[in-house]
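Analysis of the macromolecular model
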Amino acid sequence: GRQVMTDFPGFPEEFAERYRAAGYWTGQTLGDMLSASVAAYGGRIAVVDGDRRWTYSELDFRSRGVAEGLRRLGIERGDRVVLQLPNIAEFYETVFALFRLGAIPVFALPAHRYSEIGYFCRHTEATAYIVAREHEGYDYTELAEQVSATVPALRTVIMVGEAGGFVPFDDLRVPPGEEPPAPEPSDLAFLQLSGGSTGTPKLIPRTHDDYLYSVRESARICELTPESVYLVALPCAHNFPMSSPGSLGVFYAGGTVVLAKDPTPGTVFELIERERVTITAAVPPLALAWLAALPTSRDLSSLRVLQVGGAKFGVESARRVRPELGVRLQQVFGMAEGLVNYTRYDDPDDIVTGTQGRPISEADEIRILDDSGQEVPEGRPGHLLTRGPYTIRGYYRAPEHNEEAFTADGFYRTGDIVSRTADGYLVVEGRAKEQINRGGEKIAAEEVENHLLAHESVHDAAVVPIPDEYLGERTCAFVIPAGDTKPRPIELKRFLTARGLAAYKVPDLVRVVDEFPHTPVGKVGRSALRRAISQALQRKD
Ligand code: J2J
């Protein structure tokens, strides 16, 4: 079935017309984009995964085959398909197959477990789940069994590798069939994950038109060419390595995407040397881990650009990149909801190290407001709101949350506190949303709190960030016991893991307390809790 309008608020027609007239939206689909690159660069290498090297023509042929395989399994236009693959070439084969069919990938991460995957499947009424058998020592069989046993709408589980009782991915590899009718460029292309700040994860509906605009402009800003070799060290399904400029930017430009199976310096440096990688992207702790592994006997001389984003890269760290790694730093402040900011290659050093960049587009509307909704003076911190040609107007199937997260005139409340320089560069100063940014991995406080509240010995829970030298932030859960038995921290952590919560969301610290501080309006005083735990930890040092 086709998407119905009520699934999410799209761009108002007046804006869509404006974005088309300005040439931002070109009427191409992501499948068309690949076809254009096949026509121009067919014999060049598109994807490298270990010993596998696929040209553009091969990637295209394979994805057409997989599209036919999926069609034979009954997957059709508009169907949601939860995709949970590590950094392997099958990811791109499948994504383009789904784009061609007009089916909607839901981009889960390898770290997700039953709590997340079950929710994505149910909330989107997914008909299929595609997962790899093993990654980083974890066997996904049990997860897949649990999901297929508990989600009635799910008809098919497809597994890459030893598939057991599931459909082996190799079964999808049939000769391409008749070209399926192309999706509309204004259609929903996929659902991306939001870092979120609410009890349930939010899904982000992106259209072909809007996403391709951000991909094309990102490729231009990052000067990608057919000679570019981009290393995917972050999880390939995340918005940053997918589109800023990421793998899709590289496919648009005719370059080569190299997949790293893990982001350790050993793996990454070896691939940079072997594949002559020119650009890669990292979150701050990863960039620091790479810097800490220097000097290396590997030849990193091909590398030109290190992009860092996903969390604040402190100015002291930022200053180390060029002298120590010998490459240009590019800061990237983006969000899967849309808006992406880059420092530009010709920016002076103090902008590159001291800001998080400026928006992709002159059509990105930026508002920085104080608590009462008034514009703040230049250079002062305030709430960042944004609207533009590639920023969503609402989450998927979340009408109530959309009332809060978007203004009546369609601005997205990012929850980030930023200031703006005279030249229009943004500096991330903090956050107003109840979220922990654990080295780029986003954790919604309320989601973890809800899981804690399900424990019989927990009366109340508040999850807050605590500063961490390496990760930027870690997670601390404060809990008030129910009755006389104090729950033990290790027991609560095991409880969350057993409930199928992704490991990165399990609190690093658990503190059992008698009560929470409260704000004057009676809400839990999160900032007081944050201060209390930071001070207690400092006293310990
Ligand atoms: C501080 N905070 C940042 C930065 C993101 C490119 C790059 C990153 C993402 C991403 C992305 C930050 N400094 N440089 O999608 O295309 C925090 C902000 C933001 C949230 C979005 C992309 N870069 N952040 O990180 O959807 O709080 O996207 O609102 O995962 O990460 O998270 P996410």
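Residues numbered from 1 in each chain as written. Predicted model: local features only at pLDDT ≥ 70, side-chain atom pairs only at ≥ 80, totals over all residues.

This part is about the sheet that holds strand 16 (residues 328-335). Whenever strands of a sheet pair, they do so through backbone hydrogen bonds, lying parallel or antiparallel. Read from one edge of the open sheet, 9 strands run 2-1-13-12-14-15-16-17-18, paired in mixed fashion. On the outer flanks of this sheet lie strand 2 (52-55) and strand 18 (358-359), each paired with one strand and no other. Relative to strand 13 (residues 256-259), strand 12 (residues 229-232) runs parallel, the two being bridged by 4 bridges. Bridged to Tyr230 within strand 13 is Val257. (Pairing = 2+ DSSP bridges. Helix = DSSP H or I, 4+ residues; strand = E, 2+ residues; numbered from the N terminus.)

All right, on to the domain arrangement of the protein chain then. By the assigned domains, the protein chain splits into domain 1 (1-28 + 210-433), domain 2 (30-42 + 56-183) and domain 3 (435-540). Between the C-alpha centres of domain 1 and domain 3 there is a distance of 29 Å. Residue-level contacts link 10 residues of domain 1 with 7 residues of domain 3. Among the elements that take part in the side of domain 1 that touches domain 3, helix 11 (residues 284-292) stands out by supplying 3 residues, more than any other. Residues of the side of domain 1 that touches domain 3, tallied by class, amount to 5 nonpolar, 2 polar and 3 charged. (Domains from an automatic or database assignment. Contact = placed C-beta atoms within 7 Å. Nonpolar A, V, L, I, M, F, W, Y, C, P; charged D, E, K, R; others polar.)

Taken together, 23 residues lie around the ligand, and Asn239, Phe240, Gly309, Gly334 and Ala336 are the ones closest in. Of all elements in the fold, only helix 8 (239-243), strand 16, strand 21 (412-420) and strand 22 (426-431) reach the threshold of two or more residues within the shell around the ligand. The greatest single-element share of the shell around the ligand, amounting to 5 residues, is contributed by strand 16. (Near = placed C-beta within 6 Å.)

Attention now moves to the sheet that holds strand 19 (residues 365-369). An order of 19-20-21-22 is seen for the 4 strands of this open sheet, with the pairing classed as antiparallel. Strand pairing shows two members of the sheet lacking a second neighbour, strand 19 and strand 22, which therefore form its edges. On average, each strand axis in the sheet is inclined to that of its neighbour by 45°, with strand direction left out of account. The sheet contact formed by strand 19 and strand 20 (residues 382-387) spans 5 bridges and is antiparallel. Bridging across to strand 20, Arg367 finds its partner in Leu385. (Axes fitted to C-alpha atoms, helices over the stretch in contact; angles between N-to-C directions.)

Look at the UniProt record and you will see "domain: AMP-binding enzyme C-terminal" (unreviewed entry) annotated at residues 447-523. With 22% helix and 32% strand, residues 447-523 has its two end C-alpha atoms placed 17 Å apart. (UniProt positions renumbered as here; feature names shortened; annotations may be inferred.)

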